[in-house]
Amino acid sequence: MDELVKEALEDDFRVNLEDAENIKRALIAYMVRVVGHDPRSAGPRQWFLALAHVIKGILSERGMKTSRAQYGDDTRRVYYLSMEFLTGRRLMKHLLDLGLEANVRTALEALGQDLDVLAEEEPDPALGNGGLGRLAACFLDSLATHGYPGYGYGIRYEFGMFSQTIEDGQQVEHPDNWLRRGNAWEFVRHNVVYPVRFHGRIACFRDETGRERCEWVDTDDVHAVAYDLKVTGYDSPVISNLRLWSARATTDFDLRFFNEGNYIEAVKDKTTSETLSKVLYPMDTTVLGQELRLKQEYFFVSASLQDILARYLRVHEDLSRLHTKVAIQLNDTHPALAVPELMRLLVDIHGLDWEEAWKVTRETFSYTNHTLLPEALETWPIGMLEHVLPRHLEIIYLINHDHLQQVRFRFPGEMEVLRRMSLVDEDTQRIRMAHLAIVGSSKVNGVAALHTRLLRETVFPEFDEMYPGKFVNVTNGVTQRRWLLQCNPMLSDLITEAVGPAWKTDLTALHDLEPLVEDAAFRERFIAIKVANKQRLAEHLEAETGVATDAESLFDVQVKRIHEYKRQLLNVLHVVHRYRQLREGLVTDAVPRTVFIGGKAAPGYYLAKQIIRLIGDVALTVNNDPQVNDRLKVVFLPNYNVSNAEITIPGANLSEQISTAGTEASGTGNMKFALNGALTIGTLDGANIEIKDEVGDDNIFIFGLTTEQVAETKRKGYNPWKVVEQDADLRQVLDMITSGYFNPQQTNRYQAIRDTLFDGGDHFMVLADFRAYVDAQARVDDLFRDPDAWARKAILNVARMGYFSSDRSIHTYARDIWNVAPMEI
Ligand code: 26W
């Protein structure tokens, strides 16, 4: 058989990647045989499909080699469980990874097609909210690039993150029907299907050995069907797999109803169970506690664990050694039900002792925390768990029983500590998923140095005391393959020409750029590239929205989810302040600026939506005021997503990272901007601190209260009124916003914003940081007046970004958390 496969793949179907002529023939053959379209009348859509299928074939062949190699060397593998994967489009990424772009371009040209036009045919799969989902995608890229045996598991949402338009100045959400025209990249595995159970009751009995066994019976079942996406690494023979689960009803009809002639009733259950993978919840800081979300979490956890165990049991028998071959990373608490689920599988199904199963479970899991905001920490009502997952609730109680026993031993007589550390919040009758994830894991990590310190010192101090060494830091990173090589080809070429190609898989090689700061010709080329990328952004924006911008002006960019803690509002206050100064002739030599703000607000987050609206109102006034004379423009970038980010980030001069100190776990946009030669204006928050440490104080604009100062200010009794009283500029700015200056048709429109800042106590210290921010922006202007001095700092930023590659993050996880090594192929 092996010989036959080899022969078959070698003659008829062989695509010679070195040969554009051969690729062209393959494209035609796939067009006819797979797409089923006449090449003579095929358009970009059909050619995209033909190309995708050619690539898919290559990936499948290589993927087979990876799988075979993995069966051969029976080492520990990593499973990354995440509710979200924001992969971005696949086509250009695969071509880059396979080194195929040039030949494919030539082949397509010979067919009268333009690769860049084809690439636009691919929908951007928005299967994530923001930072957490994009981080998961960067990690898959690094795992494959460096040959680690890694698999991703998630949900194949039929509808991803909504797409955003702005109508009458307000956000409107549209369903993201990304599968409308199918997904060219996926392999559906109709043979990889697992039942997932809900509801029902527990029946316990003594088995023949006298041991108590419990069974979960009378359940409502749903099927999880596997869809695989191949993940390529850069210039790497290793192909990883991202397996996404789709829900399917276990039976097509309920025959009872069907036979009674009630056809509609008979298919109702089918529709209900298939809603499980219907849509991604578009919130990333507030947990709603909805049953459907709980079911989604369990659905993908259960299917993934069944799959992982099945793979293990194909070559091993002894589940008490599972942890020696399997490492499972929990991406936040969203998959934390994996802890009781693995216990259930080991104890109830496979008959392990509780103690042994618990040891295996703890050694198998690790948990990454991604947020400090209390409202984003998941808890589930006990009543809901009892109804949806009765056996899991019992298991959680058993885990808690043992856990509290240890707590009593460690903190004797400390009832308050016991209450705080329990998996059960007795006041609200809810299960604390973070506590469950911590006790069920061998390692817990934060995502930046400050974040990990705050987790250990303020959020989970007793856990840190009880488990020394369990809490570790792994600062986030981004993949330079997508966030430099792919999105910024001109800068990539310049860098490669200057220091060679090593940076593509070892970002620290960028250090070699440092001496070039002194090279005037290099600086000039660097500047020219930034200008070209700004023009590209301006053209894209004009084509998409009709808004014209001036690529000579300073491009000041804040793109990320809209949240109070990220303080887009502080940005707006500065814009209004600047506008007033220009209008009143208080500054005459202002540096022309275009302020871009983009991001989505959770649909139910009123204040975030008001902030979007305010940006629009301010933009309308500022952009149409002749007195400002084009020295200030404000643009809201609609529908911020991975594809837009790829154009926006390379075009930025200034990166806004201005969250209240102590609120942004890490940030990853901050890394992408600096890597593309933007300077950062930011607070001492998240990974900004480590960026500052790397690039040096002179090459970043740091301002505002530190985490400690924020706490101290609040402790002493922070009074927003007083801050405003003492700052005439701030007063004027707030007056303009709250008096209807930008929206005379409805003067009280921003009452809610006023209320949070004053009566609400300005929780995120927007007013407290206003003056420091305005001063920092003045320093930005001063530097921008000297393009050469600016370029020096920007080059140093690029040169010193080596640490912020997701390759470094993954090597750290591999060594400190997973204990895995790269494969040999
Ligand atoms: C259940 C609702 C929900 C959904 C998602 C709560 C919380 C989340 C995520 C944890 C939010 C998130 O994306 N956090 C971001 O994670 C990034 C990657 O580590 C960090 O860089 C960001 O600072 C952090 O906000």
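Everything numeric in this text was worked out from a predicted model, so none of it was measured.

1. Quick notes on unusual backbone geometry
Phase 1 of the analysis: Positive phi outside glycine occurs at D218, with the angle close to 55 degrees.
Phase 2 of the analysis: By relative accessible area, D218 is classed as exposed at 55%.
Phase 3 of the analysis: The backbone of M765 sits at a positive phi, close to 60 degrees, despite the residue not being glycine.
Phase 4 of the analysis: Within the fold, M765 resides in the loop between α30 (751-757) and α31 (766-784).

2. Focus: the sheet that holds strand β12 (residues 379-381)
Phase 1 of the analysis: Taken in spatial order, the three strands line up as β12-β14-β13 in an open sheet, and their pairing is antiparallel. Looking along the sheet, the strands with just one partner apiece sit at the ends: β12 and β13 (424-425).
Phase 2 of the analysis: Examined bridge by bridge, β12 and strand β14 (residues 430-432) share three bridges and lie antiparallel to one another. Following the sheet pairing, W380 is matched in β14 by I431.

3. Some remarks on the nonpolar core
Phase 1 of the analysis: In terms of nonpolar packing, the biggest core is built from 261 residues, with L91, W245, F299, I399 and W818 touching the most fellow members.
Phase 2 of the analysis: Residue contacts for L91: discarding those within four places in its chain leaves F48, L51, I55, L115, A119, E122 and W185.

4. Thoughts on the UniProt feature "modified residue: N6-(pyridoxal phosphate)lysine" (unreviewed entry) in the chain
Phase 1 of the analysis: According to UniProt, the positions carrying the feature "modified residue: N6-(pyridoxal phosphate)lysine" (unreviewed entry) are K672.
Phase 2 of the analysis: Locating K672 in the fold gives a position in helix α25 (residues 669-675).
Phase 3 of the analysis: Each residue touching K672, except ones within four places of it in the same chain, is listed here: R134, V478, W483 and I649.

5. Observations regarding the state of the cysteines
Phase 1 of the analysis: Tallying each qualifying case throughout the model produces one disulfide.
Phase 2 of the analysis: Linked covalently through their sulfurs, C204 and C214 form a disulfide whose S-S length is 2.1 Å. Classification of the bridge connecting C204 and C214 rests on its S-S torsion, roughly 105 degrees, and on that basis the disulfide is right-handed. With C204 in strand β6 (residues 201-206) and C214 in strand β7 (residues 212-217), the pair connects residues that are 10 residues apart, well separated along the chain.

6. Some points on the site of the ligand
Phase 1 of the analysis: As a matter of local geometry, the ligand sits amid 19 residues, with H370, N476, E664, S666 and G667 nearest to it.
Phase 2 of the analysis: Between the ligand and Y565 there is a distance of 3.3 Å, counted from an oxygen atom to a side-chain nitrogen or oxygen.
Phase 3 of the analysis: For the shell around the ligand, the element with the highest residue contribution is helix α7 (residues 131-145), accounting for three residues.

7. Quick word on a negative patch on the surface
Phase 1 of the analysis: A grouping of E317, D318, D353, E355 and E356 is seen on the molecular surface, where their side chains present a negatively charged patch.
Phase 2 of the analysis: Within the secondary structure, D353 sits in the loop between α11 (338-349) and α12 (354-364).
Phase 3 of the analysis: For D353, a relative accessible area of 44% corresponds to the partly exposed category.

8. Observations regarding the pairing of strand β20 (residues 654-657)
Phase 1 of the analysis: Neither face of β20 is open: one carries L654 and E656, the other S655 and Q657, and all of them are buried.
Phase 2 of the analysis: Where strand β17 (residues 554-559) and β20 come together, two bridges link them in parallel fashion. Following the sheet pairing, V557 is matched in β20 by S655.
Phase 3 of the analysis: Pairing of β20 with strand β21 (residues 679-682) involves four bridges; the strand directions are parallel.

9. Observations regarding the pairing of strand β10 (residues 326-331)
Phase 1 of the analysis: Judged by how many residues are buried, β10 sits mostly within the fold: six of six residues are covered.
Phase 2 of the analysis: Residues V326, I328 and L330 of β10 are buried on one face, and the alternating residues A327, Q329 and N331, pointing to the opposite face, are buried as well.
Phase 3 of the analysis: By the bridge criterion, five bridges tie strand β1 (residues 77-81) to β10 in an arrangement that is parallel. Along β10, the bridge assignment pairs R77 with V326.
Phase 4 of the analysis: Strand direction decides the pairing type here: β10 and strand β11 (residues 365-368), joined by four bridges, are parallel. Each residue of the ladder has a partner; that of I328, found in β11, is F365.

10. Structural notes on the sheet that holds strand β19 (residues 632-637)
Phase 1 of the analysis: Read across the sheet, six strands follow the order β19-β18-β17-β20-β21-β22 without closing on themselves; strand pairing throughout is parallel. With one partner strand each, in any of the chains shown, β19 and β22 (701-702) form the two edges of the open sheet.
Phase 2 of the analysis: As defined by bridge partners, β17 adjoins strand β18 (residues 593-598) across six bridges and the pair is classed as parallel. Among the inter-strand pairings, F555 is bridged to a residue of β18, identified as T594.
Phase 3 of the analysis: Across the sheet, helix α22 (residues 568-583) touches β17, β18, β19 and β20, and the angle it forms with β18 is around 155 degrees.
Phase 4 of the analysis: Relative to β19, helix α23 (residues 606-623) is tilted by about 145 degrees, and along the sheet it contacts β18 and β19.

11. A closer look at the packing of aromatic side chains
Given two aromatic rings, one states the distance between the centres and the angle between the planes to describe the pair.
Phase 1 of the analysis: In the structure shown here, the tally under the stated rule is 21 aromatic pairs.
Phase 2 of the analysis: An angle of 90 degrees between the planes, with centres 5.0 Å apart, marks the rings of F784 and W790 as edge-to-face.
Phase 3 of the analysis: By relative accessible area, W790 is classed as buried at 5%.
Phase 4 of the analysis: Aromatic rings pair up to connect Y79, Y151, Y153, Y194 and W245 into one cluster.
Phase 5 of the analysis: Above the plane of the ring of F187 lies K56, whose end atom (NZ or CZ) is 4.5 Å from the centre.
Phase 6 of the analysis: Just above the ring of F411 sits the side chain of R410; from NZ or CZ to the centre is 4.8 Å.

12. Let's talk about helix α4 (residues 91-98)
Phase 1 of the analysis: Extensive coverage of α4 is indicated by the burial of eight of its eight residues.
Phase 2 of the analysis: Taken together, the buried positions of α4 are occupied by L91, M92, K93, H94, L95, L96, D97 and L98.
Phase 3 of the analysis: Buried-residue contacts for α4 involve α3 (44-72), α5 (101-110), α6 (115-119), α7, β8 (220-232) and α19 (480-486).
Phase 4 of the analysis: Among the residues trailing α4, G99 stands out with phi positive, at a value near 70 degrees.

13. Section: the side chain of H435
Phase 1 of the analysis: Within the secondary structure, H435 is located in helix α16 (residues 433-439).
Phase 2 of the analysis: At a separation of 3.0 Å, a polar atom in the side chain of H435 contacts the main-chain carbonyl oxygen of S422.
Phase 3 of the analysis: Here H435 is in contact with R420, M421, S422, L423, F460 and F463, once residues within four sequence places are set aside.

Scoring rules and cut-offs
- Residues numbered from 1 in each chain as written.
- Predicted model: local features only at pLDDT ≥ 70, side-chain atom pairs only at ≥ 80, totals over all residues.
- Heavy atoms only, no water.
- Buried < 20%, exposed > 50% of the residue type's maximum accessible area, 1.4 Å probe, protein only.
- Helix = DSSP H or I, 4+ residues; strand = E, 2+ residues; numbered from the N terminus.
- Pairing = 2+ DSSP bridges.
- Core = buried A, V, L, I, M, F, W, Y, C linked by side-chain atoms within 4.5 Å.
- Contact = heavy atoms within 4.5 Å.
- UniProt positions renumbered as here; feature names shortened; annotations may be inferred.
- Disulfide = S-S within 2.5 Å.
- Near = heavy atom within 4 Å.
- Polar contact = N/O pair within 3.5 Å; in protein donor to acceptor, adjacent residues only side chain to side chain.
- Patch = residues over 30% accessible without salt bridge, like charges linked within 9 Å, V, L, I, M, F, W, Y side chains within 5 Å.
- Areas by Shrake-Rupley, 256 points an atom, 1.4 Å probe, with all protein chains shown as cover.
- Salt bridge = Lys/Arg side-chain N within 4 Å of Asp/Glu carboxyl O.
- Lys, Arg positive; Asp, Glu negative; His and termini not counted.
- Charge placed at Lys NZ, Arg CZ, Asp CG, Glu CD.
- Axes fitted to C-alpha atoms, helices over the stretch in contact; angles between N-to-C directions.
- Phe/Tyr/Trp six-rings, centres within 6.5 Å; stacked < 30°, edge-to-face > 60°.
- Lys NZ or Arg CZ within 6 Å of the ring centre and 35° of its normal.

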